[in-house]
There are 2 protein chains.
Amino acid sequence: MISKTRIKLIKSLNLKKYRKSYGLFVAEGVVNVSDFLKSGLEPEYFYITDKGLEKFDNKLLPENTAKVSSKDMERITLLKNPSEVLSVFPLPENKNFDIKNINDYVLMLDDIKDPGNLGTIIRTADWFGIDKIICSNETVDAFNPKVVQATMGSLSRVNVFYDDIVNILHDSGNIEVYGAFLDGTDIKEVDKPGKGVIIIGSEAHGISKNVEPFVTKKITIPRFKNSKTGAESLNASVATSIICYEFRR
Amino acid sequence: MISKTRIKLIKSLNLKKYRKSYGLFVAEGVVNVSDFLKSGLEPEYFYITDKGLEKFDNKLLPENTAKVSSKDMERITLLKNPSEVLSVFPLPENKNFDIKNINDYVLMLDDIKDPGNLGTIIRTADWFGIDKIICSNETVDAFNPKVVQATMGSLSRVNVFYDDIVNILHDSGNIEVYGAFLDGTDIKEVDKPGKGVIIIGSEAHGISKNVEPFVTKKITIPRFKNSKTGAESLNASVATSIICYEFRR
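Residues numbered from 1 in each chain as written. Chains lettered and ligands numbered in written order. Predicted model: local features only at pLDDT ≥ 70, side-chain atom pairs only at ≥ 80, totals over all residues. Heavy atoms only, no water.

1. Structural notes on the overall build of chain A
Argument step 1. When its secondary structure is counted, chain A shows nine helices and 10 strands.
Argument step 2. By the compact-globule yardstick of 18 Å for 249 residues, chain A fits well, its C-alpha radius of gyration being 20 Å.
Argument step 3. Viewed in the frame of its principal axes, chain A has a C-alpha envelope of about 60 × 45 × 30 Å.
Argument step 4. Expressed as a percentage of the 249 residues in chain A, the buried residues total 55%.
Argument step 5. Sequence-distant contacts in chain A: of pairs separated by 6 or more residues, those separated by 24 or more amount to 75%.
Argument step 6. Element-wise, carbon and sulfur atoms account for 47% of the exposed surface of chain A, whose accessible area totals about 11,700 Å².
Argument step 7. With 34 positive and 33 negative side-chain charges, chain A shows a spacing of 5 Å between the two charge centroids. (Helix = DSSP H or I, 4+ residues; strand = E, 2+ residues; numbered from the N terminus. Rg over C-alpha atoms; globule rule 2.2 N^0.38 Å. Buried < 20%, exposed > 50% of the residue type's maximum accessible area, 1.4 Å probe, protein only. Contact = heavy atoms within 4.5 Å. Areas by Shrake-Rupley, 256 points an atom, 1.4 Å probe, with all protein chains shown as cover. Lys, Arg positive; Asp, Glu negative; His and termini not counted. Charge placed at Lys NZ, Arg CZ, Asp CG, Glu CD.)

Dropping the structure here:
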């Protein structure tokens, strides 16, 4: 049995303001929870069902493991479908991002609002070895349970920063700043010096007007020339993924 | 005012069995509805709010346009957030897919379950000029309201077929059948003869055991070589998008 106070605490972590005030977030599912444990995070609370125990690497089980029923799991889950393992972890501190000393490509997200998109972007960045993502303060919180779910464990490996991106870009100096637009240079043609900032705009509005002046290279994923087709744009996480692929190709 | 019977009918179209039995589906949002109208579909019912009228191309408005309040729209919407325009269209008939006569790349989806993924795949196919997608019968229905929403109008331009994909593959003859695996040939190295079937497996299980024998070329999106990263896989719609990009590059 999980106490009512505990259930209330966990449920509150669905909201950013409670995650901030308690300094905690929730990860669910075998892959996500295992990956955070492997990264060295120590769980504040850790709940697992019998079924979860069958799938979970026993060597990873923390000291404070609590075995619970599926019914209890239904009471604490923040997802549509309860998982077999749920862990409450301390929220990593938001570190400062130092744009001057980057030595690889980094992603910068200009108000990505959809949790599924952010989660997918973090997962894709991890696949392509991009380990820093700078999010505007208006971007959806990376520790939102739906984002955590969509990252499939990658949030434990990719560093996600939140900041005023215009302030950061003020210090970009000679660093190349790529921005995804519908009318830029073909991504396969553009110079790729091995480091730089790649800005992805929001789902609804693209790159904001106050961010655009910092872009040094506008880039585009070319649409296939075929009169029958007419998609106006690509989904934000798809566009990010294709750009990451091409920059690592 | 919309009658209770009509509201009940529209709400029922959230489920595939009612879409099939009535032969109808629902599209919402200015882009989606406009694109279906442009493609020549004639709406059975068409509802629009005052706000919707401001954004909608008036030349596209059908004869049976019904102006409704936002409150009415809340009563009929199948989405989380009601749109400013909602149209009920006749369901296109499921045509037979002829694998022998393909002259371009086509996508084949082996049990894609997530509506957002299918919608994103249809939207991306449209961008890259791939106008045929063959779905296994177990793939989520393309006329599911969440899929329609995620396609952003592209469902009006891309032909989506449902069939027993194993049966279809039996007739593939000399056609190249690419399958996305974690251990195939790098997508940038593989021969691309200008036509072929590209199979994408399900989110949870990849390409099924009974489909795999038909694959003539296993392909892979290479992961960036970097010990720090560890994503196990890519999201299904992201993988599809990167493959489409590379095959059109």
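2. Regarding the domain arrangement of chain A
All names here are of chain A.
Argument step 1. Domains assigned within chain A are domain 1 (4–90) and domain 2 (99–248).
Argument step 2. Here the C-alpha centre of domain 2 lies 30 Å away from the C-alpha centre of domain 1.
Argument step 3. Taken residue by residue, the interface counts 14 residues in domain 1 and 13 residues in domain 2.
Argument step 4. For the pair domain 1 and domain 2, the summed buried surface comes to about 1,100 Å²; carbon and sulfur atoms form 61% of the total.
Argument step 5. Linking domain 1 with domain 2 are two salt bridges, by the criterion used here.
Argument step 6. In this structure, Asp-141 and Arg-19 form a salt bridge, with 2.8 Å as the shortest nitrogen-oxygen distance.
Argument step 7. Counting across the interface, domain 1 meets domain 2 through six residue pairs in polar contact (both at pLDDT 80 or more).
Argument step 8. Of all the elements in the fold, those that place two or more residues in the side of domain 1 that touches domain 2 are α2 (16–22), β1 (24–28) and α3 (30–38).
Argument step 9. Here the side of domain 1 that touches domain 2 takes four residues from α3, the largest share from any one element. (Domains from an automatic or database assignment. Buried area = accessible area lost by both parts, 1.4 Å probe. Salt bridge = Lys/Arg side-chain N within 4 Å of Asp/Glu carboxyl O. Polar contact = N/O pair within 3.5 Å; in protein donor to acceptor, adjacent residues only side chain to side chain.)

3. Here's the deal with the nonpolar core
Argument step 1. In this structure, Leu-118 and Ile-221 of chain A together with Leu-118 and Ile-221 of chain B are the most contacted members of the largest nonpolar core, which totals 101 residues.
Argument step 2. Sequence-distant contacts of Leu-118 of chain A, that is, excluding residues within four places in its chain, are made with Leu-109, Ile-112, Cys-135, Thr-139, Val-140, Asp-141, Ala-142, Val-147 and Tyr-162 of chain A. (Core = buried A, V, L, I, M, F, W, Y, C linked by side-chain atoms within 4.5 Å.)

4. Thoughts on the pattern of salt bridges
Argument step 1. Summed over the entire model, instances satisfying the criterion amount to 30 salt bridges over all chains.
Argument step 2. Between Lys-192 of chain A and Glu-246 of chain A there is a salt bridge whose closest N-O contact spans 3.8 Å. Separated by 54 residues along the polypeptide, Lys-192 of chain A in the loop between β8 (177–186) and β9 (196–200) and Glu-246 of chain A in helix α9 (residues 236–248) bring together distant segments of the chain.
Argument step 3. According to the relative accessible area criterion, Lys-192 of chain A is partly exposed, its value standing at 27%.
Argument step 4. For Glu-212 of chain B, the salt bridge is made with Lys-218 of chain B, and the minimal N-O distance between the two is 3.1 Å.
Argument step 5. Residue classification places Glu-212 of chain B among the partly exposed residues on the basis of a relative accessible area of 23%.
Argument step 6. According to the relative accessible area criterion, Lys-218 of chain B is partly exposed, its value standing at 32%.
Argument step 7. What you see here is one network of salt bridges that share partners, running through Asp-35, Lys-38, Asp-126 and Arg-157 of chain A.

5. Focus on the side chain of Asp-72 of chain B
Argument step 1. Following the sequence through the fold, Asp-72 of chain B ends up in helix α5 (residues 70–76).
Argument step 2. The contacts of Asp-72 of chain B, once residues within four sequence positions are left out, are Met-1 and Ile-2 of chain B.

6. As for the packing of helix α6 (residues 115–127) of chain B against helix α9 (residues 236–248) of chain B
Packed helices, taken two at a time, are described by the angle between their axes plus the distance between the axes.
Residues and elements named next belong to chain B.
Argument step 1. Two elements in contact, α6 and α9, have axes whose closest approach is 9 Å; the angle formed by their N-to-C orientations is 15 degrees. Of the possible angle classes, the one that applies to α6 and α9 is roughly parallel. Crossing geometry of α6 relative to α9 is assigned as right-handed. On α9, the residues touching Asn-117, Thr-120, Ile-121 and Thr-124 of α6 are Ala-236, Ser-237, Thr-240 and Ser-241.
Argument step 2. Considered class by class, the residues forming the contact of α6 with α9 number two nonpolar, six polar and no charged. (Axes fitted to C-alpha atoms, helices over the stretch in contact; angles between N-to-C directions. Parallel < 35°, antiparallel > 145°, perpendicular 65-115°, else oblique. Left-handed = near helix turned anticlockwise from the far one by under 90°. Nonpolar A, V, L, I, M, F, W, Y, C, P; charged D, E, K, R; others polar.)

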